[in-house]
Structure formats: structure tokens, C-alpha cells
Amino acid sequence: GAVVSQHPSRVICKSGTSVKIECRSLDFQATTMFWYRQFPKQSLMLMATSNEGSKATYEQGVEKDKFLINHASLTLSTLTVTSAHPEDSSFYICSAKPGQGVGTGELFFGEGSRLTVL
Amino acid sequence: AQSVAQPEDQVNVAEGNPLTVKCTYSVSGNPYLFWYVQYPNRGLQFLLKYITGDNLVKGSYGFEAEFNKSQTSFHLKKPSALVSDSALYFCAVRDGYSGAGSYQLTFGKGTKLSVIP
């Protein structure tokens, strides 16, 4: 149980286009999801906290108009990188906080999405 | 503020030997501590956690970690390393007093473990 699916796993796009990444909790409801960005050989940087039915909370330095987050249901959060540029190329990972009865404090992570902007 | 330090960028160990990946933390309240493993181009997999109770925590794939409050450490250990254990390991912490509304984890920079055949 407690599986988080992230799609697509890899995406290549042209500069100026927008890319949407989906994060789904497959067998549990997630009131809160987190989006991270990971640079090569570096740790995970928290970008934003996504709460179902409300606006995402962005970390300092993360452009909310650049990285649009929508958490429309208890099992789905999306990250849209708008007008992508080569510097947005990175590995994006989501995680989900399950509700009661699933796990005991740990977050569950998606498999990550490798974005390459040409 | 909370922080995690993983002092080693890389740890090399021979197959069959015991391994240790170090982690120290800083948090204002009671620490909730976690270890995750990441394989190349993959997400993070949960290994084990310390919330409360016994200081020695056993987790997946034969890994264990010992919570040491006086040294603010939570080192990851395994008695006998396997080549398949080679991966990137992250220690993470959150403040137990943050309440149910905050599950933000602070991650260490990661330690690359290489198990040599």
C-alpha cells in the first residue's frame, strides 16, 4: 500500500512551452502533497506544499507564477512549469502525506520526473 | 529551524562488511527522524523512522539506525553490505512539535554508498 505515482517520468520540451507533471496517491487519500526539486548530486529542495482545495504554499525564492500547483482532489496534485527554460531542467519529485490509518509519520514519494528543456 | 548534516559525501565498503552512514540533526522539539534511499533517476524509498520508543530502529532490507539523543545522531547501519545496497541515502528530520498540519521534512545532502564486490 501507500503508492505514489508520478507522471511523466521523463519529458523533453522546447523552451517557452509549458509542462504538466502529475502526482497521484493510488491507494490512499493525501490531504497534503509536497513538491521538491533535485539538482544533480544535491539534496531535495522543497518548492511548495500543496493542500487539497486551497492555494499552495511556496518556499522562499520559488516563483509561484512559474511553478503552478493545483491540488484539486485528495489523490491528485499537479505541477505545471510555465514557459519553461533550460534552467528549469531538473528532477522533480512529489511526496504525499497520508491521512489516518496509513503509515505512521513517513511521507511517501513518487518516482520523480526528469524535465529537460531544450 | 531544523537541520540535518550528513558529513560524508561518499562511503565505500566491501561487500559483506558492516556499513555505517552518518547523520546528525538539529531540531527545537522532539525529533522525528527518517532514512530514505534513492536509486538513480528514481524517487525516494522509505527505509525506517524513529518517532519514539526504542533507540534502535529496524527497517527495510536489513537496515537499522540508532537514535542517540545526547549526540543528536541517527546513524544508519547494516551488519553485512550487499552490492545492491549501492545508492544515495538521505537522512531527514522534522520537529515533532510542528503538529499535524506540518509534515515538512528537512533533508541532509545525501551520502552515496558504494558497495564493492
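Refer to the structure printed above.
Criteria and thresholds
- Residues numbered from 1 in each chain as written.
- Chains lettered and ligands numbered in written order.
- Predicted model: local features only at pLDDT ≥ 70, side-chain atom pairs only at ≥ 80, totals over all residues.
- Heavy atoms only, no water.
- 1 Å grid on protein atoms, 1.4 Å probe; cavity = no way out; pocket = protein on both sides within 12 Å on 5 of 7 lines; lining within 4 Å.
- Points joined across faces, edges and corners; volume = space filled by probe spheres on them.
- Helix = DSSP H or I, 4+ residues; strand = E, 2+ residues; numbered from the N terminus.
- Nonpolar A, V, L, I, M, F, W, Y, C, P; charged D, E, K, R; others polar.
- Buried < 20%, exposed > 50% of the residue type's maximum accessible area, 1.4 Å probe, protein only.
- Pairing = 2+ DSSP bridges.
- Contact = heavy atoms within 4.5 Å.
- Buried area = accessible area lost by both parts, 1.4 Å probe.
- Salt bridge = Lys/Arg side-chain N within 4 Å of Asp/Glu carboxyl O.
- Polar contact = N/O pair within 3.5 Å; in protein donor to acceptor, adjacent residues only side chain to side chain.

Undergrad: With reference to specific residues and values, describe the layout of surface pockets.
TA: Within this model, the largest pocket holds a volume of roughly 550 Å³. The wall of the largest pocket is formed by 21 residues, among which Pro40 and Lys41 of chain A together with Gln38, Leu88 and Lys112 of chain B lie closest to the centre. Of all the secondary structure elements, the ones that give two or more residues to the lining of the largest pocket are β10 (87-95) and β12 (111-116) of chain B. The biggest single contributor to the lining of the largest pocket is β12 of chain B, with three residues. Within the lining of the largest pocket, the residues separate by chemical class into eight nonpolar, eight polar and five charged.

Undergrad: Please give an account of the pairing of strand β8 (residues 76-81) of chain A that cites residues and values.
TA: Each regular strand shows side chains that alternate between the opposite faces of the sheet. Residues and elements named next belong to chain A. Summarising burial for β8: six of the six residues are buried, a large majority. By the alternation rule, side chains of β8 split into Leu76, Thr78 and Thr80 and Ser77, Leu79 and Val81, which are all buried. Pairing analysis gives five bridges linking strand β7 (residues 67-73) to β8, with the strands arranged antiparallel. Following the sheet pairing, Ile69 is matched in β8 by Leu79. Hairpin connection, β7 to β8: the antiparallel pair is bridged by two residues.

Undergrad: Summarise the interface of chain A and chain B; cite the residues concerned and give the values.
TA: Listed per partner, the contact involves 22 residues of chain A and 20 residues of chain B. Taken together, the two surfaces of chain A and chain B that pack against each other cover about 1700 Å², and 55% of this comes from carbon and sulfur. Remark: the boundary between chain A and chain B carries two salt bridges. Two residues, Glu111 of chain A and Arg42 of chain B, come together in a salt bridge whose shortest N-O distance is 2.3 Å. The interface formed by chain A and chain B holds seven residue pairs in polar contact (both at pLDDT 80 or more) in total. Counting residues per element, the ones that place at least two in the side of chain A that touches chain B are β4 (30-38), β5 (44-51) and β9 (90-98) of chain A. A per-class count over the side of chain A that touches chain B returns eight nonpolar, eight polar and six charged.

Treat this as a map of the structure, not an account of what it does.
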